[in-house]
Every structure is written in structure tokens, then in C-alpha cells.
Amino acid sequence: MVVTYNTSPELIGIHTCAFNDDLTRMVVCNAKGRVQICHRLDHQQLWQATVDLPTRTKPAVTQVAWAHSTHGSVVACGSGNGLVTIWQQAPTLCGHDEEWIQRATLTESSKPINHLQFAPAQLGPQLAVASDDGYIRFYEASAALDADHWRLCNDLQATSHGGCKCLSWRPHTHGLPPMLVIGTMEAATVWYYRKAFADWAQAAVLDTGNQSVTSIDWAPGRTVELIAAATSAGVHIWSLKGKAHDLQVQQMECLSSNEETTLDCLPIAGHAWKVQFDRMGTLLATSAGDGDSSSVCVWEMNMSGQWCLSSRISEDPPDMNAGAMLE
């Protein structure tokens, strides 16, 4: 899906965004910390901003997340001073404007919030928050549809060097414990929840060559577990198998641009900023740039289990020799 977002001049420079379940609404945060709720126009790829959330924190909001619809229309915002706010859409009468109400303020961290993500719906109304102090904090609401009462229910220290930069929950599977992967300044680590001890334990370390992880994603819908991470050196992809307490990790092979040699990471030009699998876990989208140019690429795995380029959208002049380039 290609998104065209109509903004006023003062909103130029989108910092981050998050979608609801059916991709009909999104919450957008611009470079100045302004947060808006946007609706997709019927049968179009155009979006219209309908509500401004009055998030007046200083430093401004830098991260947003949208909860599963099971828990109502709930959005979380994280700011540069460690503050996390929870917002919920109020019941709206026909003909009245959409209204959002701030339901909770979470203040346990005093360091910048680098990422936040709601847990899979099956785990209930739960939010994981990655902070620059090296901790992941877990918050839960008192009831599935009650966004008024959130409390800190657990935490884990993923690193003591440089903070937690990003995280991704493992899609829920019945009979398996909750799991997530965390990106730090040095590597990525996989964790699982131990119900008997009410804590989180480290399951595996994913080597990124001591490169900082800027984005990470756990693929849904696959029998083989896949994790992708974006770093300044490129995008790494790993497969995982085994039980949570005894994971075996293998870094997957990637093909070079001419598909003649294999690499340890995807052949991306510039700094990799964002990675995300599709809902089936069969395609991987990446964004990268070095200041002068930027590109979005889609990758898929071939019959030999190697990841190769499927298509690319680039700001550069089209390369007529690149057969995978999108027009």
C-alpha cells in the first residue's frame, strides 16, 4: 500500500506513524512532535487528518503506537523526557466531531522513549516501552476495555550501554510464552517470559557486528521464526528454531545485487532505517538513505532460502539495468 498524506506546510517532516488493525486509520507524529489522527478516504490511497492530540510535552513526542481494536481505539505516545501518555477515542454521537481523551500518564522513565509497541491482542491490553536507560518496561490496563487504569507490571534491563533502541513482539502462538526481540547499540537480543518466576529471561543474542539496531521486526504467520534488523551496516535476517529456553539461531544468506554472490546482510545502499515484514511473513520491506538519496525495497526468499531483491522505489534517477525497479 502506498500512502499519500496531505499535510499543511508546518507538518512537513513525518517522524513516525502507526496504523490500526484494518489500515483505515493511522496516528502520525511530525518532526516537531505534533500528533494527528488520520483517516483513509474511501477506496483511495489518500489520508486526511481529523484530530490533533494535545500532546504538549517538552521535549516533544517522538514515538507512537496503536493498540489492537479488541481493546478499543487506544493510542500511546512516547516523548523525549521519558513520559508516556495513553489516549482513547471517546464515544462519538452521530454528527459530532471525533474526540480523544488522555487516559493515563506513565512516568517511570526519565530518559527518552525510543520505541513502544502494544502486545499481541491475546496477551491483553499490554504495552512495552523501550527507554534510553536500557530498560524495557511493561504496562497493563486493569481490564480489556478500560484504558483509564494502567500500571507498571514488569521490566527488564536489556543493556547497560546506550539504551534500548527498538523492540518487536513475537506474534502470539497458543502454548508458547510471550516473547520479544530488542535492538540495542550493540546487538539484538531475544527474551521470553517465565510465568513461574514472573520475569523475563534472555533466550538468544543476534550478532549485528556491534552495530546499533535502528529497527527490528519479528515475522508473523510462518512455521520458521524470522527476525530482521536494520543497522548502519545493512539489514540482517535470522531464522530461529527450538524451544524458548533453548533457541538455535542462524543468520540467513542474502544475494548481492547481481545475484552472483552471497552476503551476510541485504545489499542496501546507505544507512538502513526501517524494516517490516508483511502480514504473511513472506516479504520484507526496508527503507534506507544516506542524506543524498533514499529508497524503499521489497525482498523475498528464493527456493534456496536466500533473500533477494523483488522491487525498489528510489528517489535516484531510474537505473535501466535494474530489472526489479518499480516504475
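(A) Highlighting the pairing of strand 19 (residues 225-231). The buried fraction of strand 19 amounts to seven of the seven residues, a majority that puts the element mostly inside the structure. Along strand 19, one buried face is formed by Glu225, Ile227, Ala229 and Thr231 and the opposite face, lined by Leu226, Ala228 and Ala230, is buried too. Here strand 18 (residues 213-218) folds back onto strand 19 in antiparallel fashion, the turn holding six residues, of which glycine 221 has a positive phi close to 70 degrees. Bridging between strand 19 and strand 20 (residues 234-241) involves seven bridges; their strand directions are antiparallel. By the bridge assignment, alanine 230 is partnered in strand 20 with valine 235. Between strand 19 and strand 20, which follow one another and run antiparallel, lie two residues.

(B) Local environment of the side chain of histidine 115. Along the chain, histidine 115 turns up in strand 10 (residues 113-118). Among the polar contacts listed, one links the side chain of histidine 115 to the backbone nitrogen of leucine 167, at a separation of 3.0 Å.

(C) Representation of the sheet that holds strand 7 (residues 74-79) in the model. With antiparallel pairing, four strands are arranged side by side in an open sheet as 6-7-8-9. Every other strand in the sheet has two partners, leaving strand 6 (61-66) and strand 9 (100-106) as the edge strands with one partner each. Taken pair by pair, the neighbouring strands of this sheet meet at an average axis angle of 25 degrees, ignoring direction. Sheet topology places strand 8 (residues 84-89) next to strand 9; six bridges connect them, and they run antiparallel. Bridging across to strand 9, glutamine 89 finds its partner in tryptophan 100.

(D) How the structure looks around the side chain of threonine 286. Turning to its location among the elements, threonine 286 is positioned in strand 25 (residues 283-289). Reaching out from threonine 286, the side chain makes a polar contact with the side chain of tryptophan 299 at a distance of 3.0 Å. Sequence-distant contacts of threonine 286, defined by excluding residues within four places in its chain, comprise Val235, Leu266, Ile268, Lys274, Val275, Ser295, Val296, Cys297 and Trp299.

(E) Region of interest: unusual backbone geometry. A positive phi angle, close to 60 degrees, is found at leucine 23, a residue other than glycine. As for its placement among the helices and strands, leucine 23 is situated in the loop between strand 2 (14-19) and strand 3 (25-30). Classification of leucine 23 as partly exposed rests on a relative accessible area of 27%. Of note, the phi angle at alanine 198 is positive, near 55 degrees, even though the residue is not glycine. By the element assignment, alanine 198 lies in the loop between strand 16 (188-194) and strand 17 (199-206).

(F) Just the pattern of salt bridges, in detail. Applying the stated criterion across every chain, the model contains seven salt bridges. For lysine 165, the salt bridge goes to aspartate 132, with nearest N and O atoms at 2.9 Å. A residue pair is termed long-range when its members are at least 10 positions apart, and lysine 165 in strand 14 (residues 164-169) and aspartate 132 in the loop between strand 11 (126-131) and strand 12 (135-143) qualify at 33 residues. The exposure class assigned to lysine 165 is partly exposed, which follows from its relative accessible area of 22%. Linking arginine 170 and glutamate 225 is a salt bridge whose minimum nitrogen-to-oxygen distance equals 2.6 Å. Placement of the pair is arginine 170 in the loop between strand 14 and strand 15 (179-184) and glutamate 225 in strand 19, with a sequence separation of 55 residues.

Calculation notes
Residues numbered from 1 in each chain as written. Predicted model: local features only at pLDDT ≥ 70, side-chain atom pairs only at ≥ 80, totals over all residues. Heavy atoms only, no water. Buried < 20%, exposed > 50% of the residue type's maximum accessible area, 1.4 Å probe, protein only. Helix = DSSP H or I, 4+ residues; strand = E, 2+ residues; numbered from the N terminus. Pairing = 2+ DSSP bridges. Polar contact = N/O pair within 3.5 Å; in protein donor to acceptor, adjacent residues only side chain to side chain. Axes fitted to C-alpha atoms, helices over the stretch in contact; angles between N-to-C directions. Contact = heavy atoms within 4.5 Å. Salt bridge = Lys/Arg side-chain N within 4 Å of Asp/Glu carboxyl O.

Shape descriptors only; they carry no functional weight alone.
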